[in-house]
Each structure stands twice: as C-alpha cells, then as structure tokens.
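Fold and geometry: a report
The primary structure of each chain is shown beneath.
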Amino acid sequence: MVRNPKLIAVLHNPIAIAESIQQRKRWEQFFILLGWFSLLVALLTLVVLVADLLIRGWPLLNLKFLLSPPSSDPEEAGILTAWVGSLLVILVTIVVAVPLGIGAGIYLEEYAPKNWLLDFIEINITNLAGVPSIIYGLLALGFFVYILKWGESILTAGCTLALLILPVVIVTTRESLRAIPVGIREGAYSVGASRWQTIFDHVLPYSMGGILTGIIVGISRAIGETAPLITIGALTFITFLPEAPIKGEFPYISFNWLWSPFTVLPIQMFNWVSRPQEAFQINSAAAGVVLLVLTLLVNSTAIYLRYRFRKSIKF
Amino acid sequence: MAQDSFSVKTNLPLTLPSRTVRIWRERVIAGVLFLAAISSVLTTLVIVYILFSETVIFFEKVMEVDRVSLWEALVEFFTGTDWSPLIEPLGIGILPLLAGTLTTCFVGLCVAVPLGTIAAIYLSEFAPAKVREILKPILEILAGVPTVVYGYFALLVITPVLQKIILGVQKFLLPGRNEWDYFQLPGFNMLGAGIAVGLMVLPYVCSLVEDALQAVPLELREGSYAMGATRIQTALNVLIPAAISGIAAAYILGFSRAVGETMIVAVAAGLQPKFTFNPFEAAATTTAFIVSVSLGDLPHGSFEYQSIFAAGIMLFFATLFMNVLGYFLSRRYREVY
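Residues numbered from 1 in each chain as written. Chains lettered and ligands numbered in written order. Predicted model: local features only at pLDDT ≥ 70, side-chain atom pairs only at ≥ 80, totals over all residues. Heavy atoms only, no water.

**Topic: the overall build of chain B**
To keep things clear, this is the line we draw: Numbering of helices and strands starts at the N terminus; helices are DSSP runs of H or I of at least 4 residues and strands are runs of E of at least 2. For the radius of gyration, the atoms used are the C-alpha atoms, and the globule rule reads 2.2 Å times the number of residues raised to 0.38. Exposed residues in this analysis have more than 50% of their type's maximum accessible area, buried residues have under 20%, and partly exposed residues fall in between, with area computed by a 1.4 Å probe over protein chains only. Whether two residues are in contact is decided by their heavy atoms: any pair within 4.5 Å suffices. The charge count includes Lys and Arg as positive and Asp and Glu as negative, but it does not include His or the ends of the chains. To locate a charge, take NZ of a lysine, CZ of an arginine, CG of an aspartate or CD of a glutamate.
The number of helices and strands found in chain B is 13 helices and two strands. Over its C-alpha trace chain B gives a radius of gyration of 28 Å, far above what one expects of a compact globule, namely 20 Å for 337 residues. Along the first, second and third principal axes, the C-alpha atoms of chain B reach 110 × 70 × 35 Å. Each of the 337 residues in chain B was classed as buried or not, and the buried ones make up 50%. Sequence separation of 24 or more characterises 71% of the internal contacts of chain B that already satisfy a separation of 6 or more. Here chain B contributes 20 positively and 24 negatively charged side chains, and the mean placements of these two sets differ by 13 Å.

In structure tokens form, the structure reads like this:
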C-alpha cells in the first residue's frame, strides 16, 4: 500500500512518471560523469607524473648517465652503482623469497590441517602483508645487521626485501593452487602417486602461471622499495662496484659481493631529490624515469602473463 | 618364465623405492614445507622481539636520564607534545609524530576514499567490459609506481601547483595587498604529501571496494532492477549496504597503508617533528622521523637508535590493529553469501 500522497499523485499522472524517470536517468548520467572524473584523476596523475619526469630528466637520459657512478657534480653523476646494486639485491631477494614463498603456499594450501594454527598463520600473513615496509627495515637493523652481524650488506638488503614480498608470493601461490580442479589431483592419486608427486608433477605445473605472476608482482615491489633499506643504512655515497661474482681463476664464482656495501636506484633517487641544489632535481628525474620504466616493464609482464594464462588454461 | 615376459612387456621401473622410503620422503618434504610456512610466524615474532627489547632500553634510559618512574615516562610518552629525543632535555612525547601521521593520512583519505569508491562503483556496475579491461591494468600500474617517485611528484609537481592555487585564491578574495602579506605555502607541507599519499592509496582502495561489490550475489542486483531501480539506485541502496563490511575493510586497509607510507612524507612533508594538525605546515610523521634519524650516522645502542624503535612500535601496533580488523571484516562479507 502506497501511503505517500506525493507518490500517489505521481503514480496517477503519466507525465509525472515520465518526468520521474527522466530525473533518475539524469542522476545516472551524472554519476557516470563522476565515475569518469575519478578515473581521470588517476589517469592524469600517471600522465603528468611520467611527462614531468621525462621533460625534466631528458637532458641526462643517455648512456653516460647509466654508466657513471654518483658524483658531487650533478652533470657527472650517474646511476651505475645504483642499478648494479638494485640488480644484485633483487637477485638475493628472488633466491630467498621464491622457494620460501612457494613452499609456504604449498604447505598452507595442500598439507595444513584446518585448525587454529592455520587460522593463526593466515592472520599472520595478512598482517605481514600490511605491515609498513619501514618496520621491516627496523627488523633488519636490529636482527640482520646487529644480531646476525651481517652489516649493511647486499645480503641484508636482499633478505629484508625477501621478507617484505613473502606474503605476496604466498598468497598468490595459494590462490593459483586453489584454482586447480580436484579432478587433476584425484587422477594422480588414482594411479598411485603420492601426495608430493601429485603436487610436484601435476598441480604445480598447471598453477605455475599464477605463481609466476605473484613472484613478478613481488619483484616489482622490491625494486621500488626504499624505506627499509634506508634504515639499514644504505644511504651512503658509493662510487665503486661490488666485487664481480664471476672470476677468471679457480673457483670462478665468488660470493664476496654479498657482503659489500651498496646503494639501489630508489635510494639514489631519494638522495638526489632531497638535496637542496636544484641541479640535482634533473638527476633525480632521470633516475625516476629509469626506475619507473623498470617497474612498469616488470609489472606489465605480470599483467600480460596473467592475461595469457587465464586465456590458455580452461578447465 | 611367465614373470620374465611380463616384466619385458610393461617397461615398469622394477627398482621402485620401498614403501618405507616413500613414506619417509613424504614426511621430510612435509616437514620442510611446514618450516617454510612457519617462517612468516617467525618473522612476526622477531619483529615484536626486536621492537620490544629496544623500546624497553629506550624507557630505561629515559628513566635514568630524567630520573622519573616508568609510569611517568609512559605518561610523558603518550601525552607529551614535544618529541626531541636527540637533544637534551629529552622530549619523548609521541604526539607530534602521531599528529603528523594523522594529518597526512586524513588528507590522503579525503582524496582516496571518495574517488576510490566512485571509481569502484563505476568500474563494477557501469563500465562496459572493454573499458574495464583497459582501465584495470592502468590502475594496477598506478599502484606499482615506487613511492619515492610519488614523493618526487609531491615535492616538485603537486606542491608548486598548490602554491600557485593558494596564492591565486587569496589574490582573488583579498585583492590589493603586498605580495608578502599573502600566505605562502611552504615548500615542505603535509597537504601536498597527503594528496600524493591519497593518489597512491586510491588504486588500492578502488580495487578492494570493487572486490567487495563483485562479491554481492547477482540476484540482489536483479531483484533491484526488477523493481524498476536504476543502476545508481541499485548501487547506492542495495549493493553498498550489502557490501558494507567489505567496503569498511577497504577503507581501514587503505588507512593502514597511508599510516605506514614513508617515502612520500619523508621527501615532501618535512623532517622536523612539530605538534600541529594544520596541513599547510611542515611536520614529520612517525615514518619520516625514522627515516630522518636513519639518514645520519646511527651508532648501535645510542639513544637515537632506540628512539626509532620506540616510534616503530607505535606504528606496528597501530597497523596491526587495523589489519586484523580489516581481515575479520573482509572475511565476514565473504561468509555472508
């Protein structure tokens, strides 16, 4: 029963009904405009950001900038030690985070009994994913640098970033394992495969696409991360490269670089942007372009991979 | 004879591992995987241990230097408005840092919450599939921009624009004054940093809200449409109430991320602790303070060294509280349907 007299008046008047519909449609149009506006803000941010970096950093964007170490002269200063440092730190991060993350994901999804411990670990991982990155820096400062006495080294930085991206890897591993239909598992079990054989030979290969995406997203986050590395004291003026990992004489491989001090791209950029001299803003912008291109490249690989795997595998 | 021909026909590996070996191999693998899973718990434990042990030393030193009881030191810590642990007399009131953090977060959320929610409703309910397919990766890319780049953006793009806008508005409203009589926005300010924080959190809030909306079952939408509601009426009156716990979780997690944001505020909001809620001023946040101390020489065991852990423990528990709250809220919306 409609009691509202205004509404009854409208209901008995076809013109009023048409008007009411028109009004609601106008509202809808208005909201679509609002939606476009919000998305435009996001888009515009990206465009202005990229354009500003490119315009400001353009004079420095050449090979010399990539191949010279930092210097107190803004025109001479380059990012050689920074990108080499980033590369080595990320290498350590991958070596630590990938096996640990995939292992943890497999255990939680395939082995763990559903009890309070699983709940606890789940809450734990959710929280770790949301802990501010600088807290990881404090952890690294207290634990890696002073308790384990690893110093302000590439090893410390790599392990710190590995802990930081671990939740991402674990969560995506679990999600992609969950997406594999039960039939595949049952098929493997029915021909006598053990639990590990089922997982390793059948479930993991199918879910590799999703897991790879998660790893790449984690790496792109690790490349851009600055705060935790500042707290372990990476903001030093480094003009030399770490020792090369491959040598001419026996045993050909050396791990001394793990212990050497380092700087990374985002820290180099932070260093330049926080200097009072305006000339260094150009260096900062140029380093920003390199950093942005790197993370965008890695990120779009992840987006592409996910798109491809979503298309190619259909159960 | 018969057995031999059987083994030739089938090519089965005749040296299968024994049952015991198989069982033990499975157990060892399960054990190794369990250790990997437990590493996350260990990480949390180590974080809590390090933060607590250094904070305890921090308070012991405060008690020793200022000759106060633990209770007085704690009261000073939570209610004092002077944070200057690097110079004597020691100021150990955490409020200036919290004020800085809350102000930048507030500005950030003012940007991220309305824009993120509207964008999410648009993407989830209005956008054609093709538009969605283009826009979602762009949002993802925006979420992947390193925060130090956002810091650069806040300092060298947003702040100069804000300075011009604020000066222009004043000239329009109060014409005919001398140039230096107008309020000048300082180069480091919490407003510009907060806006950058908001732009950084925006894609995150947007995708979480969208997830929450997508989790609402189709029947609710169809029911609403069948009653003659438009899409916007459906979204506002049916979907948002149905997804409210998920949306609340999105806001809380966005807030948690804004609280923990470090590089933007360290670059653009200033590094001096100051007790103010005015976004037009420069003030250090909790995270920026940790960065500014770490930038200098930081000897192990010094008072500065412990002070960053005392600031960090506040940060850790604030975000822990919000993350757990967000976790349970988002789990609730998944369970309802």
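This is not the end of the story, as more comes after the structure.
**Here we look at the confidence of the model for chain B**
Note the cut-off: Confidence scores here are pLDDT values: one per residue, from the predictor, ranging 0 to 100.
Scored by pLDDT, chain B has a mean of 86; 93% of the residues are at 70 or more. A low-confidence stretch, residues 1-8 of chain B (pLDDT under 50), is modelled with one contact involving residues beyond four sequence positions or located in other chains.

**Brief notes about the domain arrangement of chain B**
Residue and element names in this part refer to chain B. Operational definition: An automatic or database domain assignment supplies the residue ranges for each domain. The term buried area means the drop in 1.4 Å probe accessible area that two parts suffer when joined, counted for both and summed. In this classification, the charged set is Asp, Glu, Lys and Arg, the nonpolar set is Ala, Val, Leu, Ile, Met, Phe, Trp, Tyr, Cys and Pro, and all remaining amino acids, among them Gly, are polar.
Looking at the assigned domains, one finds that chain B contains domain 1 (2-79) and domain 2 (96-336). For domain 1 versus domain 2, the separation of C-alpha centres amounts to 33 Å. Between domain 1 and domain 2, the contact holds 13 residues from the first and 14 residues from the second. It is L51, E54 and F58 in domain 1 that bury the most area against domain 2; as a group they hold 44% of the surface buried on that side. Mapped by element, the contributors of at least two residues to the side of domain 1 that touches domain 2 are α2 (19-66) and α3 (70-79). Sorting elements by how many residues they give to the side of domain 1 that touches domain 2 places α2 first, with eleven residues. In terms of residue class, the side of domain 1 that touches domain 2 is made up of ten nonpolar, one polar and two charged.

**Some remarks on the environment of B:T286**
Residue and element names in this part refer to chain B. Here is the rule: Two N or O atoms form a polar contact when they lie within 3.5 Å of each other; inside protein one atom must be a possible hydrogen donor and the other a possible acceptor, and for residues adjacent in sequence the pair counts only when both atoms belong to side chains.
In this structure, T286 sits in helix α12 (residues 286-295). For T286 and L167, which are 119 residues apart along the polypeptide, the C-alpha to C-alpha distance reads 30 Å. Excluding anything up to four places from it in sequence, T286 contacts L97, L98, T101, A311 and L315. In terms of polar contacts, T286 uses its side chain to reach the side chain of T101, at 2.9 Å.

**A few points about helix α4 (residues 80-111) of chain A**
All names here are of chain A. What counts here: Multiplying 1.5 Å by the helix residue count minus one yields the expected span of that helix. In this scheme, the bend at a residue equals the angle between the axes fitted to the seven residues that finish there and the seven that begin there.
Here α4 spans 45 Å end to end across 32 residues, near enough to the 46 Å set by a 1.5 Å rise per residue. The sharpest bend along α4 measures roughly 25 degrees and falls at A97, with the proline P99 sitting one to four residues further on. Counting buried positions along α4 yields 23 of 32 residues, so the element is predominantly enclosed.

**Observations concerning unusual backbone geometry**
Look at A:K149: it is not a glycine, yet its phi comes out positive at around 60 degrees. Topologically, A:K149 is positioned in the loop between α6 (133-147) and α7 (154-178).

**Concerning the domain arrangement of chain A**
Residues and elements named next belong to chain A. Our working definition: A pairing counts as a salt bridge when a side-chain nitrogen of Lys or Arg comes within 4 Å of a carboxyl oxygen of Asp or Glu.
For chain A, the assigned domains are domain 1 (5-58) and domain 2 (63-312). One C-alpha centre belongs to domain 1, the other to domain 2, and the line joining them spans 40 Å. Each side of the interface is counted separately: domain 1 has five residues, and domain 2 has seven residues. Of all residues in domain 1, the largest losses of buried area upon contact with domain 2 belong to L53, R56 and G57, amounting jointly to 76% of the total for that side. Where domain 1 packs against domain 2, one counts zero salt bridges. For the pair domain 1 and domain 2, the interface holds zero residue pairs in polar contact (both at pLDDT 80 or more).

**Here's the deal with the packing of helix α2 (residues 14-57) of chain A against helix α6 (residues 147-173) of chain B**
Just so we agree on the cut-off: Here an axis means a line fitted to C-alpha atoms, over the contact stretch when the element is a helix, while the angle between two N-to-C directions is reported on a 0 to 180 degree scale. Note on terminology: angles under 35 degrees are roughly parallel, angles over 145 are roughly antiparallel, angles of 65 to 115 are roughly perpendicular, and the others are oblique.
Contact pair α2(A) / α6(B): the axes reach a minimum separation of 11 Å and the direction vectors enclose 80 degrees. Judged on the interaxial angle alone, α6(B) and α2(A) are roughly perpendicular. Of the residues in α6(B), those in contact with A:T45, A:V48, A:L49, A:D52, A:L53 and A:R56 of α2(A) are B:V149, B:Y150, B:Y152, B:F153, B:L156 and B:V157. Residues that form the contact of α2(A) with α6(B) fall into these classes: nine nonpolar, one polar and two charged.

**Some remarks on α2(B)**
Residue and element names in this part refer to chain B. Look at α2: 69 Å from first C-alpha to last across 48 residues, which is about the 70 Å you get at 1.5 Å a residue. At S39, α2 shows its strongest bend, of approximately 30 degrees. Positive phi shows up at R67, right after α2, with a value of about 50 degrees.

**Some words on the environment of B:I134**
Residues and elements named next belong to chain B. Tracing the backbone through its elements, the reader meets I134 in helix α5 (residues 129-144). The exposure class of I134 is exposed, given its relative accessible area of 56%. For I134 and V56, which are 78 residues apart along the polypeptide, the C-alpha to C-alpha distance reads 52 Å.

**Observations regarding the interface of chain B and chain A**
Across the boundary between the two partners, chain B contributes 80 residues, which contact 79 residues of chain A. In this assembly, chain B packs against chain A so that about 7200 Å² is buried in total across both faces, 77% of it on carbon and sulfur atoms. When the area that chain B buries against chain A is broken down by residue, the three leading residues are B:L33, B:Y122 and B:Y152, summing to 9%. Applying the counting criterion to the chain B and chain A interface returns one salt bridge. Two residues, B:R231 and A:E28, come together in a salt bridge whose shortest N-O distance is 2.7 Å. In this structure, the connection of chain B to chain A is made through 13 residue pairs in polar contact (both at pLDDT 80 or more). Top element by residues in the side of chain B that touches chain A is α2(B). It accounts for 20 residues. Looking at the side of chain B that touches chain A residue by residue, the class counts come to 57 nonpolar, 17 polar and six charged.

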